[in-house]
Each structure stands twice: as C-alpha cells, then as structure tokens.
Amino acid sequence: MTELKYSTKEYQDKDSAHFMHPFTDSAELEKKGARIVTKADGVYVWDSEGNKILDAMAGLWCVNIGYGRDELADVAAEQMKQLPFYNSFFQTTTPPTVELAEKLASIAPDHMNHVFFTGSGSESNDTMLRMVRRYWQLKGEPQKSVIISRKNGYHGSTVAGASLGGMGFMHEQAGKIPGIVHIDQPYWYAEGGDEDKNEFGLRIARKLEEKILDIGVDRVAAFLAEPIQGAGGVIIPPETYWPEIQRITNKYGILLVADEVICGFGRTGEWFGSDALGIKPDLMPIAKGLTSGYLPMGGLLVGDRVADVIRNECGEFAHGFTYSGHPASAAVALRNIEIMEREGIVDHVRDVAAPHLAKRWAELADHELVGEARSFGLVAAIELTPNKETRAPFPGEGGRVGYICREHCFANGLIMRGVGDTMIISPPLVISPSEIDELVEKAKLCLDKTLADIKAGALDD
Ligand code: PXG
C-alpha cells in the first residue's frame, strides 16, 4: 500500500485551497475539512485516520462488484500498455470496444443490439436527447421534439442532463433548456396521502397521458424515467405504475427511455431494472455499474426501432466524444461483466442478498423515527419522521435530521446517504448476508443516536 504524502490536515487544507467539489458547499467544507478516503477492499473503505467504513453506497451507486479487484487493475494496465487510447471517429475501432459492444448486446433485452459509447451517465442522457430528436427528424416529424420526464428525477449534471432531471434546485442555479417538461413522480410515501398505493400508481402514470394530450402528441418525442429513482430518494413505484406508462407510450407511439445508470448491471436482481420491472424501453442510458466505477465510462443502449433509422437513414450522426469507446475503459467494462457472469453476481443479488436485505431492512420500520422502510434488489430507503402515523415531515427546513443521521453513520463505520430526511443505501452487489446484518445493526444504532440528539434538542433552534 502506497504511503500517504501528507497528513490528514495537510490534505484537507490543500483540498479546500484548490479543489472545487461537486454538489458541495465549499464554505462549509472548508470549516470542516474533507474526509479523505485512502483505500478499499470488498464492501469497505478506509479513511486517512484508519477508520474502516462499510460503504453502503458502493462509491456512488457504482462499485457493483466491490473494491479490491486486482483483475480489473491488471486488464486496464495490459490495455494501456498495448493501446492506451485510440478514437472511434474516422471509421476506426479498437478490439476491446467491439468485444464490449457485442457483450452488451448479449445481456441487454433482445430488441437492443447497439450501443453508443460515452464517458458518463450525463453524456449518455445528452446523447439520448440528440438521438431522439434526430430520429423524429428522420421520420419526417421534426416538430416531435419535446421530452417528458419527471419531477425529482436525476439524469445528470450537464446542461441537458440537469434539464432532463427534475431537480428544481439545479434548474434555479443555471437555467433549463427548452423542450423538456416534467410530470409528477410515483412517490407514494410522500405524495400519496391516504390513497391506495396502486390507485396512486395508476393516477400518477396517467399524468403522462394528460401531458401528451396537453402538449399534442405531434410534438412529443419521448418519455424518460429511471425504473427506480435513485438520487431522488430510492423511490420504488407502485406495481401499477410501469405497466400503465408502457401502455401509454405504446398507445401514442412515443419513445420510452429507461435511465439505467443506477438500476443497470445487477442492482435490481436482473441485468437491468427494465427486466425486473417489465419495461420495454427503446433506449437505455447506462454508466456506473458498467465498469463498477473502476474507470469512467457510459453508453446509450439503442433498441432496433431507433437504431434502424439512425444507422440506415441518418447519414453522419453528428455526435460523439473523444472518449467514446475508450479502449482501457472498455477492457475494464468487459472484464467487469465477465466477472459478474463468472461469479453469478446477478443471481446472488436476486436469490441471496436482496431477500436477506428485504427481511432485515424491514425491521427498521419498527424504529420510532422511521415512517417507512422499503427495498428492491439492492437499493433501499428509510423515511425519517417525527410521527409514524401521519408520516409528517420534521418542522423547519427538510434535511436536518438526515444530515445528523448521516454524520452518525460516518462516525460509526457506515456510509448511508441522506436525501433530505430519507436515508438511502445501494451497497456493492457482492455484499454477503453477514455484511448486510452488520449494515442493518449499524443503521439501527445510528437511528438511536439520531433520536437521542432530537430528544436532546438538536432541532430546537
Ligand atoms: N442518470 C442517473 C439515473 C444517475 O443516477 C446520472 C444519470 C449521471 O451520471 P454521471 O456519470 O454523469 O454522474 C446519474 C448519476 C447522488 C448522485 O447524490 C447520483 C448520481 C451522481 C451524483 C450524485 O445520489 N447519479
């Protein structure tokens, strides 16, 4: 293990002097100092003070096969020595990228046989927007350009990604491009009130139909959504939701885009969230679990309906990135998928880890602070509330209790993220039943500590 060059404090000072962090209040971070993560193995990371922490967020929803896989480091090194980079623009290609494209076509739904490579999930969604609009131009309907997505959805942080996403606070900071509209999300716990869950799912799905008719079907290009919302707070839709969305997109012939950046590559106990939820999308943005985060890479899986038109009628599709199909990333992605196949990791999620997590996670619903505990595959959430019966939010600005809880988790060896006052997890898919037990026990402890803080007046000012 490489020795660290500086002390924790020195790293913190240099960090705040020069490093602008994503989604971070720099002034607050400067006061506190960043936590410095130095090494990792399996489902654990270590910080520069030697603390061992169970990473129940898999990095950032991405280290699906777990940390410490030398095989991925070796394959990256071999590829870098052989051919570190070559582009795929001018009628050229590289072997690992071709092999990966073929592999992706084999694990994707049957009607998805092509992939456009990108460097991230945001770029995958940008690619989607440009390809969808080009598709309708080629179909002779250029006015079909509006994309409908959902409030509180997350699709990235580029201009298109943030506009497609439904995070109001992101739109406020840098605007939103035209031609994208948002409908309600299927968030029964927070927005369903007394309505029956499945009725709610149907009613919210039908907002898509209302919106299509409102805008005019001749102007609507596509509907975009995550199978299960991740960054928005692990929002698992009622069972009635996706079949109704599918019916509506079929009825009006608009394209259906399932953003698989989080749900893809085994997270739901199937290769893709669309498989688990019975969705038949035309396009699927992917990233994260594609390489298990070992190197950056994203892509857009393209179904035959769109691929046939773009490939045969478009001429040059004027789109692409320097790193589209990067050979070292492709080699890592390919080996990552091969390891998942070899070790049966998707089966492990479906048959072992997800059922165990579902059982243990449900216990958290008994805690005084928890209004709901939900899970699907290896994503899960708990809703914190002062009143289990009414599911009321905490008084004042949301997110304060989530923050307290998150800090207790860090201090007690668990990474669990707060989205407002919803605590969420998305652990590495290789997590074992005993590690799940440890995760849940730590979560209980941190809920107790959070409750004690509230009782001691943490919210009183
Ligand atoms: N789509 C989805 C569904 C995502 O979750 C992106 C696209 C964008 O991917 P890139 O690779 O451009 O970041 C994401 C990313 C969080 C958090 O706080 C979630 C993401 C990224 C950063 C933070 O939960 N998801």
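On a predicted model such as this, the values are computed, not experimentally measured, just so you know.

Definitions and cut-offs
- Throughout this document, residue positions are counted from 1 along each chain, in the order its sequence is written.
- Residue-level local features of this predicted model are given only where pLDDT is at least 70; pairs of side-chain atoms are given and counted only at 80 or more, and the full residue set underlies all totals for whole chains, interfaces and linings.
- Think of the side-chain values as coming from all heavy atoms in the structure, minus any hydrogens and water.
- Here, a salt bridge means any side-chain nitrogen of Lys or Arg that lies within 4 Å of a carboxyl oxygen of Asp or Glu.
- For the purposes of this entry, the term helix denotes a DSSP run of H or I that reaches at least four residues, the term strand denotes a run of E that reaches at least two, and both are numbered from the N terminus.
- Throughout, exposure labels follow a simple rule: accessible area from a 1.4 Å probe, protein chains only, divided by the maximum for the residue type, with under 20% read as buried, over 50% as exposed, and the rest as partly exposed.
- DSSP-based pairing: two strands are paired if at least 2 bridges between them are found.
- Here a residue is considered near a molecule or strand provided that any single heavy atom belonging to it is located within 4 Å of it.
- N or O atoms within 3.5 Å of each other form a polar contact, as long as, within protein, one can give a hydrogen and the other can take it, and as long as residues adjacent in sequence are counted only when both atoms are side-chain atoms.
- Calculation of accessible area relied on Shrake-Rupley with a 1.4 Å probe; when residues are assessed, cover is drawn exclusively from the protein chains displayed.
- We call Asp, Glu, Lys and Arg charged. Ala, Val, Leu, Ile, Met, Phe, Trp, Tyr, Cys and Pro are nonpolar, and the rest, Gly among them, are polar.
- Patch definition: residues with relative accessible area over 30% and no salt bridge; like charges joined within 9 Å; nonpolar side chains (Val, Leu, Ile, Met, Phe, Trp, Tyr) joined within 5 Å.
- As used throughout, the charge tally considers Lys and Arg to be positive and Asp and Glu to be negative, leaving His and the chain termini uncounted.
- A charged residue contributes its charge at one atom only: NZ of Lys, CZ of Arg, CG of Asp or CD of Glu.

Peer 1: Explain the pattern of salt bridges to me, please; I cannot follow it from the model alone.
Peer 2: Between side chains of opposite charge, a pair can form as their charged atoms come close. Summed over all chains, the structure comprises 28 salt bridges. Between Arg342 and Glu71 there is a salt bridge, and its shortest N-O distance comes to 2.5 Å. Taken together, the positions of Arg342 in helix H14 (residues 327-342) and Glu71 in helix H4 (residues 70-82) put the pair 271 residues apart, joining distant regions of the chain. Ionic pairing is found between Arg203 and Glu195, a salt bridge with its closest N-O pair at 2.8 Å. Arg203 gets classed as partly exposed once you look at its relative accessible area, which sits at 36%. Here the residues in one salt-bridge network are Arg206, Glu209, Glu244, Arg247 and Lys251, joined through shared partners.

Peer 1: Where do I start with the sheet that holds strand S2 (residues 44-47) in this structure?
Peer 2: Within a sheet, each strand pairs with its neighbour through backbone hydrogen bonds, oriented either parallel or antiparallel. Strand order in this open sheet of four strands is S1-S2-S3-S13, and the pairing throughout is mixed. Edge positions in the sheet fall to strand S1 (37-41) and strand S13 (414-415), since each has one partner strand and no second. In this sheet, S2 lies alongside S1 in antiparallel orientation, the contact comprising four bridges. Residue pairing in the sheet places Ala40 in a bridge with Val45 of S2.

Peer 1: What exactly am I supposed to notice about the site of the ligand here?
Peer 2: Near the ligand you find 16 residues, and of these Trp61, Gly121, Ser122, Asp259 and Arg417 are the closest. Measuring from an oxygen atom of the ligand, one finds a backbone N or O atom of Gly121 at 2.9 Å. One nitrogen or oxygen atom from the side chain of Ser122 is found 2.5 Å from an oxygen atom belonging to the ligand. Compared with its free state, where it exposes 540 Å², the ligand has 83% of that area covered by protein. For the shell around the ligand, the element with the highest residue contribution is helix H6 (residues 121-138), accounting for three residues. Tallied by class, residues from the shell around the ligand come to six nonpolar, six polar and four charged.

Peer 1: Which parts of the structure should I look at to understand a negative patch on the surface?
Peer 2: On the surface, Asp41, Asp70, Asp74 and Glu78 cluster together into a negatively charged patch. In terms of residue count, the dominant contributor to the negative patch is H4 (three residues). Its location among the elements puts Glu78 in helix H4. Residue Glu78 is classed as exposed on the basis of its relative accessible area of 52%.

As far as function goes, none of this settles anything; it's purely spatial.
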